[in-house]
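Structural features, examined
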Amino acid sequence: MWPVMPDGRLNEEYDWPIEGSLLPNAPPLTKPITKTQGIYAPVRLKVLRNGEQDKSRILTVTGPDIASMLKKTCTSMLGLPFAARRMFDETGQEQILLTDLQRDQLVYVSCGEAWTDPKVISVEKKKRLCLKSLTSDVALIRNYCAMCNPEGLVLEVVGNLVAGAKLALAECAVSIDGEDICSEPDKQDQSCSLTTEEDHNRDENLFTDLLDAHTRTHFLRDAQQPKGLYLWERNSKAFDDDEVSQQEDGRLFTNVDLYNKYRPSKKSLRPQKVYQQQFQFQDGHIINCNYPWLVVGVPETNAQAGMEVTLVEKKADDIFQRWKLSDGSRTFHLLAKPDLVLAISMPQIKPGNSRSVMELQGCSVILQKFKGYSHGVANQRWLWVPERRVLSVFSTSVLDNEVTAANQAGVCTFSICGMQEAEQPGYSFTHPKTKRRTMVCLACARTLRGKNVMTKLQLGASFICATGCKESHVEETGPFKCLRVPQVDLSTSEAINTLGHLEAKVNSLRMETTVQTIARDISAAKTQAAVRILAYRNGAENKNGELIIGTTFSLLLALCTERLKLTRPARRLYTADGNLVLSIAELVAWAINDTSQEKELEWRQAKENKDGAKLLTPESDDLDIREDIKINPTIRNPPEVWVSCGEPFVPLSELNKRLRLQQKHWLQKEKVLSDLDKMKHKMRHLQGRRVGSMCPANMVPTKSPIQPVVVEGGWTEPSSEEVKLMEDVQNMEMHLSEVQYMLMKERPSFVSKMVSSQRLLYSQPNVKRVLAYLNGECPDQGVFAWGKTIPELLENCTARLKLRSAAKCLYSPDGEQITSWERVERDMLVCVSQGEPFMTRAASRQSVEIRANYARVQKEYGQDATNIIVRPKISLNVQSEAPSPFLALLPSRDINE
């Protein structure tokens, strides 16, 4: 580049530096400058961002060329995230020169992406808005359909049958004859156990009659308490007990008899839900049939609406346990407060979750204000079924259940009742246009709240919701966002069909918006086909796997980390036979091989089976299926893979063996704990009776002159039964510690074998936590500190104790200095010193008193009062000791006394 004259000659006398700009598509230097000015005349344009629909955001830009306009003006004025690169007109044609554009023409600017039509975006936005509104409406209808027909729900006790247990709803597990539905062997075992318990109770009736109510309750509960199941015990039948490598002789345990006694049996326990659901209404009490001393009531005396109802111990004089059954309304009224009734706490809609469905199972039982409506209060209707001895809820008409479900789900009752009037809760207001009184249901009243002055209707008012009436001039959408109430038919016969039709519409609309979004984002280039896998954690069972779909191997690993909630990023994928997969090609190849083997096995079985139908007998059909497998190998059956964060593959056989062994140990531990609690409870009763009796001791004379009388017996000396029971408790505790040691020993054994080669890579730091307190302070004022070494622990103690200077040494509570990290134990008590020797709490107080006396003497008698040296009158030859650290060396004067 060099400056030239108007006639084209170089201007050699030009004074540098030169300030200017470089222009694209510049004309030859031989042309006159007057012609170039005409070609590159500035042009004013109206610009918008790519895909912008709002014309009010138009900006005016003026420039000599498109490049300078995009670079200097459009990027900053339009607020683009990147530099502007391309310009398009309203038809989508890309513009490069200003000569093709007219003055004040509308153009769209992009950061390099392709043209986006604003009209198409507007249509997509409308579809997305419609999809969102329709999804919300379908969620309301789905919740209504889930609650409109509650059949087979009865009252059940949550957990064990004890005082204070909560009540909830559950499916009825009691047959007509009053027994639970189970297999014949289970029934025989239950009958045998019940017969044994009855014989045992019959033999001890005389003993239980002499006990008080508290002791009798404990005795009966210990005799009849059903055995529950833990979570790990429910699937115990899925494992084969013969494969467990366990020491059956109990040589590793101290007491072989206790091991054989609490050795877990092969038969799995079965919970008795029938005990938790059987109730009877007698003399104003709702009594559990199998445990008659437990009734339904309120534990507190201040009963109020919204309080949960639980199982309580029966008391004849407690009016908060007595109920009055109203046959007309089928409601249980609390005798203490008749306006409170037994009701079900209806489930609430979770905000922001349109796919969640409200379920009635598991809802708690509470107290509610009595509502005398004919429809809309089905959660307060109860029915005692004598044949099954259960309390059935929602025992009312179909319309009552439907109106109740509609009010709870937020659906207008006009869609259910139509033009039929129904007595239901609602509100009324005066319409501003018609000046008439308009009555609406609860769901519509929530929508109109804040727009009109709402008045609650009196009891006994029958009406039709005005949302569905044309003459009411109320918006027809009601509680919906896009649907109209008169067009939604949720009657008893059409509710499920309406829900299915609307869900199909939602799925169709969702597919349209998804396809359009993908079509706009992807180009014409062909992408990798998506692969589906069923992912599990390494070392976990093949249950509750996550379906992962991805196009690249890195995307599969990232999705596995997120969906499986791994603590570290996923690094490897293993198949069921332990093969390592590190790419999409290897995964597809393994899936093809596995599928081909399955098809070949099916073909051979079909060929060998002469009577049955042949699956792949023609070779052409076999070929077509194999070609289909090669094209899409993971569509029909996604391969199961186990995700690893870098550790080796854990075989399923080792995992199942460990789980079975751990289950056996847990069963043994549970039995030991149960018997240990019973023995300790019996020990407390024996000690209480001995102390409460206050029996005097016997004075026995002896021939010994040192102790002529010996005191024997009495309430202070434990009996022989207590001594024997204490020995049994100690033996049981020792056996329990051995069982726990076996559990801890089995837990890391199989993992240590797998990661032994990478122990240094995955070893955890030796971090220990201690309870540290300041030297001379009370140990109760200590704080927790952590560290891997003594210097790191001292640094952490300085920060945690907020010391003015750094901590320098550690002491044990008995004053011994800690210099080795091996002496530091986890959660031990340590004393932190800033360099001074170890001091107890008493020594610290003495030091404070000495300093206080020193200051007090100086304040009262002057600064010279403490300058004292005491000299004895007679010189003694004694060895001088080092001065105490609490004495100060100050200037002194002699005082002779």
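A quick note: this is a predicted structure, and the numbers were derived from the prediction, not measured.

**Focus on the pairing of strand β5 (residues 153-157)**
Of all 5 residues in β5, 5 are buried; the element is thus mostly enclosed. As paired strands, β5 and strand β6 (residues 167-171) are joined by 5 bridges and run antiparallel to one another. In the sheet register, V154 faces β6, and the bridge partner there is A170.

**A word on the side chain of T75**
With respect to the element layout, T75 can be found in helix α2 (residues 66-77). The exposure class assigned to T75 is buried, which follows from its relative accessible area of 19%. Polar contacts involving the side chain of T75 include one to the main-chain amide nitrogen of A84, which spans 3.0 Å. Those residues in contact with T75, other than ones at most four positions away along the chain, are L70, L80, F82, A83 and A84.

**Brief notes about the packing of aromatic side chains**
Given two aromatic rings, one states the distance between the centres and the angle between the planes to describe the pair. Using the criterion set out here, one finds 8 aromatic pairs in the structure. Ring geometry for F88 and W115: centres 6.1 Å apart, planes at 50 degrees, overall tilted. Here W115 lies in the loop between β4 (106-110) and α3 (118-147) and F88 lies in strand β3 (residues 86-88), a separation of 27 residues in the sequence. A relative accessible area of 24% places W115 in the partly exposed class. Seen from their ring centres, Y536 and W642 are 5.2 Å apart, and the 35 degrees between their planes marks the pair as tilted. Of this pair, Y536 sits in strand β22 (residues 531-537) while W642 is found in strand β26 (residues 640-644), placing the two residues 106 residues apart along the sequence. One aromatic cluster is present, built from ring pairs that chain together Y536, Y574, W642 and F649.

**Some points on helix α16 (residues 652-693)**
For α16, with 42 residues, the first-to-last C-alpha span of 61 Å sits near the 62 Å given by 1.5 Å per residue. Backbone geometry just downstream of α16 places M694 in the positive-phi region, at approximately 55 degrees.

**Examining the pattern of salt bridges**
Throughout the structure, instances matching the rule amount to 17 salt bridges. One salt bridge connects R568 with E647, and the closest N-O pair in it is separated by 3.7 Å. In this pair, R568 sits in the loop between α13 (553-563) and β24 (572-574) while E647 sits in the loop between β26 and α16, placing the two residues 79 residues apart along the sequence. For R568, a relative accessible area of 35% gives the class partly exposed. For E722, the salt bridge identified is with R690, shortest N-O distance 2.7 Å. Residue E722 is located in helix α17 (residues 720-746), and its partner R690 is located in helix α16; the two are separated by 32 residues in the primary sequence.

**Some remarks on the nonpolar core**
Counting residues in hydrophobic clusters, the biggest one holds 83 residues, and the most contacted among them are I141, Y144, L167, F279, L311, W323 and W382. With residues up to four places along the chain from it excluded, the contact list for W323 reads F281, G284, I286, V296, G297, V309, F332, H333, L334, L335, L342 and L367. Counting residues in hydrophobic clusters, the runner-up holds 19 residues, among them V531, I533, A535 and L556.

**Here we look at the pairing of β26**
For β26, the tally of buried residues reaches 4 of 5 residues, placing the bulk of the element in the interior. Here 4 bridges tie β22 to β26, and the two strands are oriented parallel to one another. Paired with A535 across the bridge in β26 is V641. Pairing of β24 with β26 involves 3 bridges; the strand directions are antiparallel. Its bridge partner being in β26, R572 is matched across the sheet by S644.

**Describing the sheet that holds β24**
Taken in spatial order, the 5 strands of this open sheet run β23-β22-β26-β24-β25, and their pairing is mixed. On the outer flanks of this sheet lie β23 (546-550) and β25 (580-581), each paired with one strand and no other. Pairing between β22 and β23: 5 bridges, direction antiparallel. When the bridges of β23 are listed, R532 appears paired with I549. Set on the sheet, α13 makes contact with β22, β23, β24, β25 and β26; between it and β23 the angle comes to about 150 degrees.

**Describing the confidence of the model for the protein chain**
Per-residue confidence for the protein chain gives a mean pLDDT of 75; residues scoring 70 or more make up 73%. Predicted confidence for residues 520-527 stays below pLDDT 50, and this span has 3 contacts to residues more than four positions away or in other chains. pLDDT under 50 marks residues 612-632. Its contacts with residues more than four places away, or in other chains, come to 15 contacts.

**Details of a nonpolar patch on the surface**
Side chains of V691, M694 and W715 sit close together on the surface and give an oily, nonpolar patch of about 270 Å² of accessible area. Here V691 lies in helix α16. Judged by relative accessible area, which is 39%, V691 ranks as partly exposed.

**Let's talk about α13**
Listing the buried residues of α13 in full gives F553, L556, L557 and C560. Along the axis of α13, the buried positions cluster into a sector of 100 degrees, meaning they face one direction only. Among the exposed residues of α13, those pointing more than 90 degrees away from its buried face are S554 and E562.

**Remarks on the sheet that holds strand β19 (residues 437-441)**
Two orientations exist for strands paired in a sheet by backbone hydrogen bonds: parallel and antiparallel. Across the sheet, which stays open at both edges, the 3 strands sit in the order β19-β18-β20 with antiparallel pairing between neighbours. Looking at which strands have only one partner, the edges of the open sheet turn out to be β19 and β20 (455-456). Relative to β19, strand β18 (residues 426-430) runs antiparallel, the two sharing 5 bridges. Its bridge partner lying in β19, T430 is registered against R437.

**Looking at the environment of S136**
Mapped onto the elements, S136 comes out in helix α3. Classification of S136 by relative accessible area gives partly exposed; the value is 21%. Residues S136 and K481 lie 345 residues apart in sequence; the distance between their C-alpha atoms is 7.5 Å.

**A word on the environment of R44**
Assignment of secondary structure puts R44 in strand β1 (residues 43-49). Distance in space between the C-alpha atoms of R44 and D104 is 5.6 Å, their sequence separation being 60 residues. Once you skip the residues sitting within four places of it in the chain, R44 turns out to touch T60, V61, T62, Q102, R103, D104 and Q105. Of note is the side chain of R44, whose polar atom sits 2.7 Å from the side chain of D104.

What counts and how
- Residues numbered from 1 in each chain as written.
- Predicted model: local features only at pLDDT ≥ 70, side-chain atom pairs only at ≥ 80, totals over all residues.
- Heavy atoms only, no water.
- Buried < 20%, exposed > 50% of the residue type's maximum accessible area, 1.4 Å probe, protein only.
- Helix = DSSP H or I, 4+ residues; strand = E, 2+ residues; numbered from the N terminus.
- Pairing = 2+ DSSP bridges.
- Polar contact = N/O pair within 3.5 Å; in protein donor to acceptor, adjacent residues only side chain to side chain.
- Contact = heavy atoms within 4.5 Å.
- Phe/Tyr/Trp six-rings, centres within 6.5 Å; stacked < 30°, edge-to-face > 60°.
- Expected span 1.5 Å × (residues − 1).
- Salt bridge = Lys/Arg side-chain N within 4 Å of Asp/Glu carboxyl O.
- Core = buried A, V, L, I, M, F, W, Y, C linked by side-chain atoms within 4.5 Å.
- Axes fitted to C-alpha atoms, helices over the stretch in contact; angles between N-to-C directions.
- pLDDT = per-residue confidence, 0-100.
- Patch = residues over 30% accessible without salt bridge, like charges linked within 9 Å, V, L, I, M, F, W, Y side chains within 5 Å.
- Areas by Shrake-Rupley, 256 points an atom, 1.4 Å probe, with all protein chains shown as cover.
- Arc of directions from axis to C-beta.

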